[in-house]
Amino acid sequence: MKIGITCYPTYGGSGVIATELGKSLAKRGHQIHFISYASPFRLSHYVDNIFYHEVEKATYPLFEFNLYPLELASKLAEVTEYEGLDILHMHYAIPHATSAFLAREIVGRDRIKIVTTLHGTDITLIGLEPTFLPLMKFTIQQSDGVTAVSRFLREKTLTNYGIDTDIEVIPNFVDTEVYFPQENGSFRKSLAKHGEKIIVHVSNFRPVKRVPDVIRAFHIIRESISSVLVLVGDGPDRGECERLVRELDLADVVKFLGKQEALADILKVSDIFLMPSQSESFGLSALEAMACGVPAITTSVGGLPELNVHGSTGYICEIGDVERMAKYAIELLSYPEKYRRFSSAARERAVEFDVRKIVPQYENFYERVLSGN
Ligand code: GMT
């Protein structure tokens, strides 16, 4: 099949999933065309069967507003026409699937099928804005196929928008041959010079991630366990987090690494993964940590309980309960045998979401959409 993929090309879970999906589909013989305003950050080297089409910005001086959805629609129509695409797979309903709808009107409804994958904040935040509500509902209903990354997100979509569209749940995935448990003494030493335990968090530091809770939980953990905190990613809350670290006198034991390509290497030497989100449709970075054998301590929101099994692969807590997060981390780090059990259970659970198991679900879904079933 010839598939066009549009996603946010930036450092976030949906862009990772869209790009890794494209790379895996290309390896399986499909022709993949990425269409966006920038090349996806995970598309860092040449891959056979993959092409990238950059959306051109309108330069007309009168246009002092963002025309990206229209520019994207034109590019989608052009690539569909000239590359002979079968499917446009849009990640995020707004604006990507809305642009694809326009492109399908341009080329003709029988010419192309639209698959829309819902990732989370499109449904739980953006789509609920009164401005976008009718557009979100329309875009979902106009898609030829809709997938969601968790059962939570499917139910949320059906409830929030009062629609009866069939929504297929295809969970996020990880390459467990890239993310796997591996001791690396020298790298671990560069993060924890005195052999401390490594607590890790990965996110885009948006308020929904509640990163200050990670720091507050670590502040308690550190009173009982010799440990360091590694924070990966960047975003609007980073400044507040840096101030909180200084306020709690933790600057010597907290590392802000910013956005990191070598995420797998960092997770492989980590001991506990913390994800205290307010909302999380799936929690891709928790899956990546678990694949490295790192038990996850997360909140019980959204799709997280569909991934993280309480008392087996880690623990789940209520939002804001930093004391309980710390208590669970201290418990795991105090009993090596228990830790080993949780670590191997986390790895086993992650293997259920391996890319080689999940990508065929997308292929099967594409076939059904193309055949009209
Ligand atoms: O908030 C983020 O983590 C970024 C956002 C995105 O657009 O990548 O993540 C969403 O999509 C990911 C991939 O499907 C999910 O793993 C995240 O749980 C989801 N974020 C939220 O629902 C807050």
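These figures come from a predicted structure and were not determined experimentally.

In this section: the domain arrangement of the protein. One frequently used descriptor of interface size is the decrease in accessible area upon assembly of the parts. By the assigned domains, the protein splits into domain 1 (2–173 + 354–371) and domain 2 (185–351). The C-alpha-based centres of domain 1 and domain 2 are spaced at 30 Å. Contacts between domain 1 and domain 2 engage 20 residues on the former and 18 residues on the latter. In total, domain 1 and domain 2 occlude about 1,400 Å² of area from one another, counting both sides; carbon and sulfur atoms represent 56% of this. Looking only at domain 1, the three residues that lose the most surface to domain 2 are Y11, F152 and N172, adding up to 41% of its buried area. Where domain 1 touches domain 2, the interface holds two salt bridges. The residue R42 makes a salt bridge to E288 at a minimum N-O spacing of 3.8 Å.

Moving on, we get to the site of the ligand. In the neighbourhood of the ligand, 18 residues make up the surrounding shell, with S14, Y92, H119, K209 and E280 lying closest. A distance of 3.4 Å is found between an oxygen atom of the ligand and a side-chain nitrogen or oxygen belonging to N204. Here F282 contributes a backbone N or O atom positioned 3.1 Å from an oxygen atom of the ligand. Within the complex, the protein chains bury 94% of what would otherwise be the 480 Å² of accessible surface of the ligand. When the residues that make up the shell around the ligand are grouped by side-chain class, the tally is four nonpolar, eleven polar and three charged. Each of domain 1 (2–173 + 354–371) and domain 2 (185–351) accounts for three or more of the residues forming the shell around the ligand.

Scanning the model with the defined rule gives ten aromatic pairs in all. Judged by centre distance (5.0 Å) and plane angle (70°), the rings of Y8 and Y92 are edge-to-face. Of this pair, Y8 sits in the loop between strand 1 (2–6) and helix 1 (13–27) while Y92 sits in the loop between strand 4 (87–91) and helix 3 (93–107); the two residues are 84 residues apart in sequence, bridging distant segments of the chain. Given the relative accessible area of 27%, Y8 is considered partly exposed. Among the residues examined, Y92 registers a relative accessible area of 9% and is labelled buried. An aromatic cluster is present here, built from Y60, F63 and F65 joined pairwise through their rings. Cation over ring: K268 sits above F180, and NZ or CZ is 3.8 Å from the ring centre.

We now examine the sheet that holds strand 9 (residues 227–232). Strand order across the open sheet formed by six strands is 10-9-8-11-12-13, with parallel pairing between neighbours. At either margin of the open sheet sits one strand with a lone partner, and together these are strand 10 (254–258) and strand 13 (314–317). Direction aside, the axes of adjacent strands within the sheet are offset by 20° on average. By the bridge criterion, six bridges tie strand 8 (residues 197–202) to strand 9 in an arrangement that is parallel.

This next bit is on the sheet that holds strand 7 (residues 168–169). Taken in spatial order, the seven strands line up as 3-2-1-4-5-6-7 in an open sheet, and their pairing is parallel. One side of each edge strand has no neighbouring strand; the edge strands of this open sheet are strand 3 (50–54) and strand 7. Direction of pairing for strand 6 (residues 145–148) relative to strand 7: parallel, over a ladder of two bridges. Looking at strand 7, one finds that T147 is bridged to E168.

Below, the discussion takes up the packing of helix 2 (residues 68–83) against helix 3. Two elements in contact, helix 2 and helix 3, have axes separated by 8 Å at closest approach and are oriented at 50°. When the interaxial angle is binned, helix 2 and helix 3 end up oblique. In this structure, the crossing between helix 2 and helix 3 has a hand that is right-handed. Between helix 2, through Y68, P69, L70, L72, A73, L76, A77, T80 and E81, and helix 3, the contact on the second element is made entirely by P95, H96, S99, A100, L102, A103, I106 and V107. Of the residues that constitute the contact of helix 2 with helix 3, the class distribution is 13 nonpolar, three polar and one charged.

Procedures and definitions
- Residues numbered from 1 in each chain as written.
- Predicted model: local features only at pLDDT ≥ 70, side-chain atom pairs only at ≥ 80, totals over all residues.
- Heavy atoms only, no water.
- Domains from an automatic or database assignment.
- Contact = heavy atoms within 4.5 Å.
- Buried area = accessible area lost by both parts, 1.4 Å probe.
- Salt bridge = Lys/Arg side-chain N within 4 Å of Asp/Glu carboxyl O.
- Near = heavy atom within 4 Å.
- Polar contact = N/O pair within 3.5 Å; in protein donor to acceptor, adjacent residues only side chain to side chain.
- Areas by Shrake-Rupley, 256 points an atom, 1.4 Å probe, with all protein chains shown as cover.
- Nonpolar A, V, L, I, M, F, W, Y, C, P; charged D, E, K, R; others polar.
- Phe/Tyr/Trp six-rings, centres within 6.5 Å; stacked < 30°, edge-to-face > 60°.
- Helix = DSSP H or I, 4+ residues; strand = E, 2+ residues; numbered from the N terminus.
- Buried < 20%, exposed > 50% of the residue type's maximum accessible area, 1.4 Å probe, protein only.
- Lys NZ or Arg CZ within 6 Å of the ring centre and 35° of its normal.
- Pairing = 2+ DSSP bridges.
- Axes fitted to C-alpha atoms, helices over the stretch in contact; angles between N-to-C directions.
- Parallel < 35°, antiparallel > 145°, perpendicular 65-115°, else oblique.
- Left-handed = near helix turned anticlockwise from the far one by under 90°.

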